[in-house]
Amino acid sequence: MEVSLNASAKRPSILSLAGLVLLAAIIPSISEGAELVPEKLKQQLESPNRNIVLRTVHEVTDWGPLASDLVPQLVDLLKTDDVLLQHDTAVALGQIGPAAADAVEPLTNLLSHKSILLQRSAADALGEIGSAATPAVPRLSAMLRRWDELFLKIALARAVIRIEPHDGNRSAEAIEVLTDVLQAGDDAVLAEASMALAEAGEPAVEVLTKLVGHSTPAVCWSACDALGEMGPLAASAVPALVKAVSGEHAHHHDVCWHSARALGLIHAHPEESVPALIRLLSHRHAPVRVHTAYALAAFGHDAGAAAPELTILLQDDDVDVRLAAARSLGTIGSDDPEMIAALDAALEDSSGAVTVAAAESLATVGQLAVPRLVKRLKQPGIRSLAARVLADIGPDAEIAVPELLQILSTDDDGARRESVLALAQIGVVSADVEAAVTTILQQPDDAVRPEAAYALARLGIRSASPLLESAIRDQNSAMRIAAAWALVTLDAENPARADVVVPLLTTALADESPSIRRESAATLSRLGSLAQRAVPALVKTATDSNPQVRIAVMGALVEIARTNIETLKAVAAGLKDDEAHVRHAALYAAGRMGPAARDTGALLRQQLSSREALERFHAAWALVRVLPDDAHVLAAAQPELIAGLHFDDAGTRAEAARTLGLTRSPDPQIRKALEDVLNDENAVVSEAAKLSLKQLDDSRDR
């Protein structure tokens, strides 16, 4: 099963954790009644040593919802006279979230503490606990107008909004207070107040829309930022944002770029937004041109009319403008020959970043760009980059194969390396390709041997296995890793082979190269239960600084150690990650864990309220699998799954259809939604809808 992590991208990134494997009994598991958090944490919270308790509270904070068993002890710590300890404990309880409902009363009491810092942390924690903190709302509301300290007012208002988001009176009061704050503070206050208003969602759109026309530029652009954070929910603000870049503040560059950015984040009403943004591309201030180019990219093909203007910007004097234009052209997509020619010319830009961006955009153009790239393969200074783009284009670049093979006979190792990788991605298996790549692998001193190993496995050339088995003992670490990956790719279910490659791949998890760490984790994932020995090293790598590595490690842990407590902890951390694509991967991982990830349920439910449609869909997809018997959860997930049936990406639509069948719901809206996609243009989607309708029928007949 595959879930697209980017439903709007032309070439979606795919995260696939196929073939989930149950572990043998030697792997620690979450069994019925098992303690989720280490016993030592409970003991340390009882320590008479204040420093030990503080350190433990910080560690508990990292566990988040998984530390719900510790709530009674944390509640006791709130009742001490140690302000710092109380503050840190409140933060930890906030991270635990809805499962910390027992802390609502003592946290509410702290709202009356003389320390404003402690009042803020208590308010923040109550907001994180959410609807379970409803008893605290009267106190929070009563305090809203009593304090002059602006950051405290923001914290109180945000807590009310988070706890009772659907209470019109409460939300209106909080929004009014935040609106007043937005017009009274410095830049730091403006930023925090605008983000709090963004959390209020649709009820705050009208107020913020009025503030877009405020006479004070700083208030205007703060309102723009808040509306942008709301995304499509703020679609009704588009006319005001368009007016902001053509009215009183049209020449104020900060207002212009904040407005442009908001239009891109909202990406609604392209018929109105796109023309306004195109006009901004000629703004005299470079930051405005930069943000406008990126905003247009958010509209994808709907911004096609901007391609000529963006093409002109590829020659802008400002390097950041050229970079934004190059990236945006690839996202917008166009078959305009002039645009393709301009991107091709940008491959020789003085800025390496612009060159790479132009190359990536040419890759999205695809087959139409191939003839120009083939010509570039003849230029020594640029052929490596051209080969890399051809690799991204893949099978549509088949006409480049003869020229790529010629490069393999040169002494340009960089170009040879990229050419071998391009041959692997293009996928043409011919006698010439096999002979050329095998010859490289046979040369002991050839610098391109690791890439040759990768290519042979990618092309499925099993006759290379003896050479690869020899290369696994090579002195070069990159060669050993490449050979291990290749052997697993050619034969992932061979236990004897796993005994050889797992130690190598485990060691590679500590390599200085993020790419090697990522590929090692991904390869271990393919081995499933055969890679059990790698679990401790994977757990250690779960907090890697590179987001792609974190994603790969999560995937491997779910494949290898689905019921391991450390796997659950890694997934929970991923659900709170700052990077959206890591959160999406964690949602997928939680879904793959199924009921074993039940303790992440609170986090999953929180993400049903995300402002990002795709994240809400992934949360719904996961919840149906993690909490399949919770009727309230299934009811909350259904609207997001139905919305998923209309995503651009066919893979996401298919998953939405499959998952609706798993709900076994008698809701007629689900049946109608599935019937509506029986004629989907994609056969996989229509087949998934048909199977789900049968599941619903079978469930009804029982």
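Residues numbered from 1 in each chain as written. Predicted model: local features only at pLDDT ≥ 70, side-chain atom pairs only at ≥ 80, totals over all residues. Heavy atoms only, no water.

(A) Focus on the overall build of the chain. On a plain count of helices and strands, the chain comes out with 40 helices and two strands. A globule of 702 residues ought to have a C-alpha radius of gyration of about 27 Å, and the chain, at 28 Å, matches this closely. Along the three orthogonal principal directions, the C-alpha set of the chain runs to about 80 × 65 × 60 Å. For the chain, restricting intrachain contacts to residue pairs at least 6 apart in sequence, the fraction spanning at least 24 positions comes to 66%. Summed over its atoms, the accessible surface of the chain is roughly 29900 Å², and 51% of this surface lies on carbon and sulfur atoms. (Helix = DSSP H or I, 4+ residues; strand = E, 2+ residues; numbered from the N terminus. Rg over C-alpha atoms; globule rule 2.2 N^0.38 Å. Contact = heavy atoms within 4.5 Å. Areas by Shrake-Rupley, 256 points an atom, 1.4 Å probe, with all protein chains shown as cover.)

(B) The arrangement of the environment of Glu398 in detail. Along the chain, Glu398 falls in the loop between α22 (383–393) and α23 (401–407). The spatial distance from the C-alpha of Glu398 to the C-alpha of Ala537 is 40 Å, given a sequence separation of 139 residues. Those residues in contact with Glu398 that lie beyond four places of it in its chain are Ile426 and Val428.

(C) Quick look at the state of the cysteines. All told, the structure shown has zero disulfides when counted by the stated rule. You can see Cys224 has no disulfide; the closest cysteine sulfur is in Cys220, sitting 4.5 Å from it. On the accessibility criterion, Cys224 (0% relative accessible area) is buried. The closest cysteine sulfur to the non-disulfide-bonded Cys256 is located on Cys220, 9.2 Å from its own sulfur. Classification of Cys256 by relative accessible area gives buried; the value is 0%. (Disulfide = S-S within 2.5 Å. Buried < 20%, exposed > 50% of the residue type's maximum accessible area, 1.4 Å probe, protein only.)

(D) Highlighting the nonpolar core. Of all hydrophobic cores here, the largest spans 252 residues; its most connected members are Leu140, Leu208, Leu524 and Leu538. Not counting residues within four places of it along the chain, the set of residues in contact with Leu208 comprises Leu182, Leu197, Ala223, Ala226, Leu227 and Met230. (Core = buried A, V, L, I, M, F, W, Y, C linked by side-chain atoms within 4.5 Å.)

(E) Representation of helix α26 (residues 449–458) within the structure. When you tally the buried positions in α26, you get eight out of 10 residues, the bulk of the element. When α26 is considered as a whole, its buried residues turn out to be Arg449, Pro450, Glu451, Ala452, Ala453, Ala455, Leu456 and Ala457. Against α24 (413–426), α25 (431–442), α27 (465–471) and α28 (477–490) lie the buried residues of α26. The positive-phi residue at the C-terminal boundary of α26 is Gly460, with phi of around 75°.

(F) Structural context of the packing of helix α20 (residues 352–365) against α22. Running from amino to carboxyl end, α20 crosses α22 at an angle of 35°, the nearest separation of the two axes being 8 Å. Pair α20 / α22 crosses with right-handed handedness. Between α20, through Thr355, Ala359, Leu362 and Ala363, and α22, the contact on the second element is made entirely by Leu385, Val389, Asp392 and Ile393. Of the residues in the contact of α20 with α22, the class split is six nonpolar, one polar and one charged. (Axes fitted to C-alpha atoms, helices over the stretch in contact; angles between N-to-C directions. Left-handed = near helix turned anticlockwise from the far one by under 90°. Nonpolar A, V, L, I, M, F, W, Y, C, P; charged D, E, K, R; others polar.)

(G) Quick peek at the packing of helix α16 (residues 286–297) against helix α18 (residues 319–332). Interaxial distance between α16 and α18 falls to 8 Å at its minimum, and their mutual angle equals 10°. It follows that α16 is roughly parallel to α18 by the angle criterion. Between α16 and α18, the residues in contact are Ala286, Arg289, Val290, Ala293, Tyr294, Leu296 and Ala297 and Asp320, Val321, Leu323, Ala324, Ala325, Arg327, Ser328, Thr331 and Ile332, respectively. (Parallel < 35°, antiparallel > 145°, perpendicular 65-115°, else oblique.)

(H) Representation of the layout of surface pockets. Each pocket or cavity is described by its volume, and for the second largest pocket that value is around 330 Å³. The wall of the second largest pocket is formed by 14 residues, among which Ala542, Thr543, Lys569, Ala570 and Ala573 lie closest to the centre. Secondary structure elements with two or more residues in the lining of the second largest pocket: α31 (535–541), α32 (547–560) and α33 (565–575). Element by element, the count of residues in the lining of the second largest pocket is highest for α33, at five residues. For the lining of the second largest pocket, a count of residues per class yields six nonpolar, two polar and six charged. (1 Å grid on protein atoms, 1.4 Å probe; cavity = no way out; pocket = protein on both sides within 12 Å on 5 of 7 lines; lining within 4 Å. Points joined across faces, edges and corners; volume = space filled by probe spheres on them.)

(I) How the structure looks around the environment of Ala359. Along the chain, Ala359 turns up in helix α20. For Ala359 and Leu373, which are 14 residues apart along the polypeptide, the C-alpha to C-alpha distance reads 9.6 Å.

(J) Structural detail: the pattern of salt bridges. The tally for this structure, following the rule as stated, stands at 34 salt bridges. The closest approach of N and O atoms between Asp446 and Arg416, which form a salt bridge, is 2.7 Å. Highlighted residues: Asp446 in the loop between α25 and α26 and Arg416 in helix α24, separated in sequence by 30 residues. The exposure class of Asp446 is buried, given its relative accessible area of 16%. A salt bridge links Arg658 to Glu655; the shortest N-O distance between them is 2.4 Å. (Salt bridge = Lys/Arg side-chain N within 4 Å of Asp/Glu carboxyl O.)

(K) Spotlight on the packing of aromatic side chains. All chains considered together, the criterion is met by three aromatic pairs. Note on Phe617 and Phe647: the rings are 5.8 Å apart at their centroids and 45° apart in plane angle, and the pair reads as tilted. Separated by 30 residues along the polypeptide, Phe617 in helix α36 (residues 613–626) and Phe647 in the loop between α37 (631–644) and α38 (650–662) bring together distant segments of the chain. By the burial criterion, Phe617 is buried, and Phe647 matches it. (Phe/Tyr/Trp six-rings, centres within 6.5 Å; stacked < 30°, edge-to-face > 60°.)

(L) Layout of the side chain of His214. Inspection of the secondary structure puts His214 in the loop between α11 (205–211) and α12 (217–230). For His214, the side chain forms a polar contact with the main-chain nitrogen of Thr216, separated by 2.9 Å. (Polar contact = N/O pair within 3.5 Å; in protein donor to acceptor, adjacent residues only side chain to side chain.)

(M) Fine view of the side chain of Thr108. As for its placement among the helices and strands, Thr108 is situated in helix α5 (residues 104–110). In this structure Thr108 touches Leu126, Ala136 and Arg139, once residues within four positions along its chain are discounted.

(N) How the structure looks around the confidence of the model for the chain. Looking at the chain as a whole, the pLDDT averages 87, with 93% of positions reaching at least 70. Of all the helices and strands in the chain, strand β2 (residues 14–15) carries the lowest mean pLDDT, 26, while α23 carries the highest, 96. When the criterion is pLDDT under 50, residues 1–35 qualifies, and its contacts beyond four places in sequence or with other chains add up to 91 contacts. (pLDDT = per-residue confidence, 0-100.)

(O) Structural view of α28. Between its terminal C-alpha atoms α28 stretches 20 Å, which fits the 20 Å expected from 14 residues at 1.5 Å a residue. For α28, the buried fraction is high: 10 of the 14 residues fall into the buried class. Residues Met479, Ile481, Ala482, Ala483, Ala484, Trp485, Ala486, Leu487, Val488 and Leu490 constitute the buried set of α28. Those residues of α28 that are buried are in contact with α25, α26, α27, α29 (495–508) and α30 (514–527). One side-chain oxygen of the residue at the start of α28 lies 2.8 Å from the amide nitrogen of Ala478, identifying that residue as Asn476. (Expected span 1.5 Å × (residues − 1).)

(P) Highlighting the environment of Asp317. By the secondary structure assignment, Asp317 is in the loop between α17 (307–313) and α18. Using a relative accessible area of 79% as the deciding quantity, one classes Asp317 as exposed. Spatially, the C-alpha atom of Asp317 lies 9.2 Å from that of Ala286, the residues being 31 residues apart in sequence.

(Q) Region of the structure containing unusual backbone geometry. Its identity is not glycine, yet His269 carries a phi of approximately 50°, on the positive side. The phi angle at Arg664 is positive, at roughly 55°, despite the residue not being glycine. The topology assignment puts Arg664 in the loop between α38 and α39 (668–676). Taking relative accessible area as the criterion, Arg664 reaches 36% and is therefore assigned partly exposed.

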